[in-house]
Amino acid sequence: ALQVEAFPFCVEEQQQQIELYVNGTLVGLLSFAGCGPVAQTFTIDGPLIQIGWNELTLHAAYARSPAEQTQGHNPDVRLLAAGFTRLTIKSKGKS
């Protein structure tokens, strides 16, 4: 299972969504109804997990910079989509 806790970088009149892929296969969609945090658990089918390295890829609906959002009042030009407070992968039957 993939446990995710995150909060969006809020953009007015935009709903952030993040697609989660494991080794190139879509395993879930994390949707934010507003600007608050969400927590969700996704099931990862056993055959998707490889021995050795596995790749988790996140695709966000949008990414904006604080500079763009504040018309330059905030000089931060990093593109932001969401902040993650927890990303945990657990084996079935483990706690």
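Predicted model, so just to flag it, every value in this text is computed and none were measured.

(A) Up close: the state of the cysteines. One pass over the full model with this rule turns up 1 disulfide. What pairs with Cys10 in a disulfide is Cys35, and their sulfur atoms sit 1.9 Å apart. Disulfide Cys10-Cys35: the torsion about the S-S bond is -135°, which places it as left-handed. In this pair, Cys10 sits in the loop between strand E1 (2–8) and strand E2 (17–22) while Cys35 sits in the loop between strand E3 (25–31) and strand E4 (38–42), placing the two residues 25 residues apart along the sequence. By relative accessible area, which is 28% here, Cys10 ends up partly exposed.

(B) Region of the structure containing a nonpolar patch on the surface. On the surface, a cluster of nonpolar side chains totalling about 290 Å² of accessible area is made up of Leu56, Leu58, Phe84 and Leu87. If you list the elements that add at least two residues to the nonpolar patch, you get strand E5 (56–60) and strand E6 (82–89). With respect to the helices and strands, the residue Phe84 is situated in strand E6. Taking the relative accessible area as the measure of exposure, Phe84 reaches 31% and is therefore partly exposed.

(C) View of the pattern of salt bridges. One pass over the full model with this rule turns up 2 salt bridges. Residue Arg86 pairs with Glu5 through a salt bridge whose shortest N-O separation is 3.4 Å. Of the two residues, Arg86 is situated in strand E6 and Glu5 in strand E1; the sequence distance between them amounts to 81 residues. Classification of Arg86 by relative accessible area gives partly exposed; the value is 42%. Among the residues examined, Glu5 registers a relative accessible area of 31% and is labelled partly exposed. A salt bridge links Asp76 to Arg78; the nearest nitrogen and oxygen atoms lie 2.6 Å apart.

(D) View of the nonpolar core. Of all hydrophobic cores here, the largest spans 12 residues; its members are Leu2, Val4, Ala6, Ile18, Leu20, Val22, Val27, Leu30, Phe32, Phe42, Ile44 and Leu48. Not counting the four nearest positions on each side in its chain, Ile44 is found in contact with Leu2, Val22 and Ile49.

(E) How the structure looks around the environment of Ser31. The topology assignment puts Ser31 in strand E3. On a C-alpha basis, the gap between Ser31 and Pro8 in space is 9.3 Å, while along the polypeptide they are 23 residues apart. At a separation of 3.3 Å, a polar atom in the side chain of Ser31 contacts the side chain of Gln17.

Basis of the calculations
- Residues numbered from 1 in each chain as written.
- Predicted model: local features only at pLDDT ≥ 70, side-chain atom pairs only at ≥ 80, totals over all residues.
- Heavy atoms only, no water.
- Disulfide = S-S within 2.5 Å.
- Helix = DSSP H or I, 4+ residues; strand = E, 2+ residues; numbered from the N terminus.
- Buried < 20%, exposed > 50% of the residue type's maximum accessible area, 1.4 Å probe, protein only.
- Patch = residues over 30% accessible without salt bridge, like charges linked within 9 Å, V, L, I, M, F, W, Y side chains within 5 Å.
- Areas by Shrake-Rupley, 256 points an atom, 1.4 Å probe, with all protein chains shown as cover.
- Salt bridge = Lys/Arg side-chain N within 4 Å of Asp/Glu carboxyl O.
- Core = buried A, V, L, I, M, F, W, Y, C linked by side-chain atoms within 4.5 Å.
- Contact = heavy atoms within 4.5 Å.
- Polar contact = N/O pair within 3.5 Å; in protein donor to acceptor, adjacent residues only side chain to side chain.

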